[in-house]
Amino acid sequence: MTNNKTILAWIDEMKALVNPDQVVWIDGSEEQLEELRKEAVESGEMIKLNQEKLPGCYYHRTAPNDVARVEDRTLICSRKEEDAGPTNHWKEPQEAYKMLYDIARGSYKGRTMYVIPYSMGPVGSPLAKIGVELTDSIYVVLNMSIMTRVGQKVMDVLGDSNDWVRGLHCKCDVDPEKRWICQFPEDNTIISVNSAYGGNVLLGKKCFALRIASYQAKNEGWMAEHMLILGVENPKGEVKYVCAAFPSACGKTNLAMMIPPEGYRAKGYKVWTVGDDIAWMRKGPDGRLYAINPENGFFGVAPGTNMKSNPNALISTQKGAIFTNVARNLDDNTVWWESLDKNPPVNAEEWKGAKVNGPEYIAAGNKLAHPNSRFTAPTANCPCLSSEFENPQGVPVSAIVFGGRRPDTVPLVYQSRSWNNGVFIGSITGSETTAAAAGAVGVVRRDPMAMLPFCGYNMGDYFKHWIEMGEMLGDKAPKIFNVNWFRVDEDGHFIWPGFGDNLRVLEWILKRCDNEVDAVETAIGYVPKPEDINLEGLKDFDEEKLASILKVDNAKWAKEAVGVEEFYKKFGDKLPQELRDELNGLEERTKA
């Protein structure tokens, strides 16, 4: 498939290490993928689902000890420890290679090595990058062929170049004590051993598209971010694009695939999905920032996805998808998960494979689907997929939005005072811990730009890179905002209706980008006038309620600044002076 000397030499080296029985190159053809599906069904690695109800869909279960990303086993192996920074786990590269090679040695004996050439981003796009993943798992091959663009055309574009990311995945014995997911940013290399779960083994996703790519982006003058990309089309047919970064469990996929409220739909508003998880952004020829979604599929959390919360996501899973660790309805060989509907199957198989009575099993306090069970679905299935999804130049970004889960303090929406102030807002993003999260309730867990588990280098340098991007973009830079859909009343109920009604807030954001609407200056930035957010058609929600969640309480923000001061200490002298100045400004403006 290729004469690229760097690829062939690396594959020979890895073959000598892991000792496969045979090597199969993945060419991306449907015939080859169909053969692999058959083989996986015969071996029990996959189960073919009801092909009338779920055409082309398959089921897979992982080992019960291998169901999520493992942050304490995820290492950044930069040559200097300070380059990994205080928010990452670090190991010296030569030590790490030795440890990993000792674990991987001979692990493909009796197995096949699959070689997956893949492109992150439209093949040939100036914003795209190429990787090669070696794996001993058909499950990985089939997922990568949904999540990325795979095959011969990728090799044709790469030619003889050495600008590609090496990825070695070895299932080994799926031993949690020897499970490591290691990124070597300076070597463009990822090695994952002893896992067979999505985020640890689909190396194009978080490992490449965020950890390695964030380091490449810093060196090459672009941005790799944990952000959705959506387009809002107004009744005149104009589309404006927004990128948004939220920590997990804040509704990123729901926002990316949002259905406008009825009144907006009647006027002709539409929302288009470009991506739901990752954005690669680069300065375009006209000086604006342009974004692509480097992925080609959705790797979504199944529980909670239903026809009310996110119909577009659910529809995306109904053909050509792979379901992992959900429950099965044995009566019709379909899938089920918590909150899909109110009718758990009576004749059920729970996610670990035991046959149970669904309603009784749930009544006894069990989960039929694992809380982190997943669907892998092709983007092409998404009913609201943007026509610009395959545009190699990307889409121009009008606004960047940060947000977290905060029951009070943070208003529904506010605009930063400047680009650097926006970087400050992104750097202090976080969610308040709830009873569901480990640790003390009511503590703000900071997750800067939602990149805490995914930044491939020192986060202080990452903040500096954001500031430098602002300097590069100048007055063409997107405007920066923060949203908080999660303000609660004294009874703990959410005040803002959320879901499709979030478009009302996006509408204000886009009007601000075009200087079409005024705002109120506060200590933290610019807040809407209540009358400037359209509440038409909302039941039990008025301007008074809206005003209550737009209010900025300086005393609470003075307390917030104390928490930020504490958080910033961990970055030491790597914290850019610009962010220190922003914090000082906030402290000054919130003084009693």
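To be clear, the structure that these remarks concern was listed above.
Just so it is clear, the structure is predicted and the values come from calculations on it, not from any experiment.

Draft legend 1. Spatial organisation of the sheet that holds strand 23 (residues 355-356). Judged by pairing direction, the sheet is antiparallel, and its four strands sit side by side in the order 21-20-22-23 without closing on themselves. Two strands lie at the open edges of the sheet, namely strand 21 (334-336) and strand 23, each paired on one side alone. Pairing analysis gives three bridges linking strand 20 (residues 327-329) to strand 21, with the strands arranged antiparallel. Paired with Asn 329 across the strands is Thr 334, a residue of strand 21.

Draft legend 2. Summary view of the pattern of salt bridges. Tallying each qualifying case throughout the model produces 38 salt bridges. For Glu 390, the salt bridge identified is with Arg 149, shortest N-O distance 3.3 Å. On the criterion of sequence distance, the pair formed by Glu 390 in the loop between strand 24 (374-378) and strand 25 (395-403) and Arg 149 in strand 8 (residues 149-150) is long-range, its members being 241 residues apart. Residue Arg 149 is classed as buried on the basis of its relative accessible area of 6%. In this structure, Asp 277 engages Lys 205 in a salt bridge whose closest nitrogen and oxygen atoms are separated by 2.8 Å.

Draft legend 3. Structural context of the packing of helix 17 (residues 554-569) against helix 18 (residues 577-589). Where helix 17 meets helix 18, the axes come as close as 9 Å, and the angle between the chain directions of the two elements is 155 degrees. The orientation of helix 17 relative to helix 18 falls into the category roughly antiparallel. The element helix 17 and its partner helix 18 pack so that their crossing is left-handed. In this structure, helix 17 uses Asn 554, Trp 557, Ala 561, Val 564, Glu 565 and Tyr 568 to contact helix 18, whose residues at the interface are Leu 579, Arg 580, Leu 583, Leu 586, Glu 587 and Arg 589. In terms of residue class, the contact of helix 17 with helix 18 is built from seven nonpolar, one polar and four charged.

Draft legend 4. Quick peek at helix 8 (residues 204-220). Along its 17 residues, helix 8 runs just 19 Å from first to last C-alpha, ending more than 12% under the 24 Å computed at 1.5 Å per residue. Within helix 8, the axis deviates most sharply at Ala 213, by approximately 45 degrees. With 14 of 17 residues buried, helix 8 lies mostly within the body of the structure. Among the residues trailing helix 8, Gly 221 stands out with phi positive, at a value near 80 degrees.

Draft legend 5. Local environment of a negative patch on the surface. A surface patch of negative charge is lined by Glu 531, Asp 542, Glu 543 and Glu 544. Positionally, Glu 543 belongs in helix 16 (residues 543-550). You can call Glu 543 partly exposed: its relative accessible area is 41%.

Draft legend 6. Seen up close, the environment of Thr 6. When you line up the elements, Thr 6 lands in helix 1 (residues 5-18). Sequence separation between Thr 6 and Asp 163 is 157 residues; the distance between their C-alpha atoms is 9.6 Å. Contact partners of Thr 6, with chain neighbours within four places excluded, come to Ser 161, Asn 162, Trp 164 and Arg 166. Of the polar contacts made by the side chain of Thr 6, one reaches the side chain of Trp 164; its length is 2.9 Å.

Draft legend 7. The packing of helix 13 (residues 419-427) against helix 14 (residues 459-473), seen in detail. Running from amino to carboxyl end, helix 13 crosses helix 14 at an angle of 155 degrees, the nearest separation of the two axes being 10 Å. As summarised for this structure, helix 13 and helix 14 are arranged roughly antiparallel, according to the angle between their axes. Remark: the crossing between helix 13 and helix 14 carries right-handed chirality. Note on element contacts: helix 14 touches helix 13 through Phe 463, Trp 466, Ile 467, Gly 470 and Leu 473, opposite Trp 419, Asn 420, Val 423 and Ser 427. In the contact of helix 13 with helix 14, the residues fall into six nonpolar, three polar and no charged.

What counts and how
- Residues numbered from 1 in each chain as written.
- Predicted model: local features only at pLDDT ≥ 70, side-chain atom pairs only at ≥ 80, totals over all residues.
- Heavy atoms only, no water.
- Pairing = 2+ DSSP bridges.
- Helix = DSSP H or I, 4+ residues; strand = E, 2+ residues; numbered from the N terminus.
- Salt bridge = Lys/Arg side-chain N within 4 Å of Asp/Glu carboxyl O.
- Buried < 20%, exposed > 50% of the residue type's maximum accessible area, 1.4 Å probe, protein only.
- Axes fitted to C-alpha atoms, helices over the stretch in contact; angles between N-to-C directions.
- Parallel < 35°, antiparallel > 145°, perpendicular 65-115°, else oblique.
- Left-handed = near helix turned anticlockwise from the far one by under 90°.
- Contact = heavy atoms within 4.5 Å.
- Nonpolar A, V, L, I, M, F, W, Y, C, P; charged D, E, K, R; others polar.
- Expected span 1.5 Å × (residues − 1).
- Bend = angle between axes of the 7 residues up to and from the residue.
- Patch = residues over 30% accessible without salt bridge, like charges linked within 9 Å, V, L, I, M, F, W, Y side chains within 5 Å.
- Areas by Shrake-Rupley, 256 points an atom, 1.4 Å probe, with all protein chains shown as cover.
- Lys, Arg positive; Asp, Glu negative; His and termini not counted.
- Charge placed at Lys NZ, Arg CZ, Asp CG, Glu CD.
- Polar contact = N/O pair within 3.5 Å; in protein donor to acceptor, adjacent residues only side chain to side chain.

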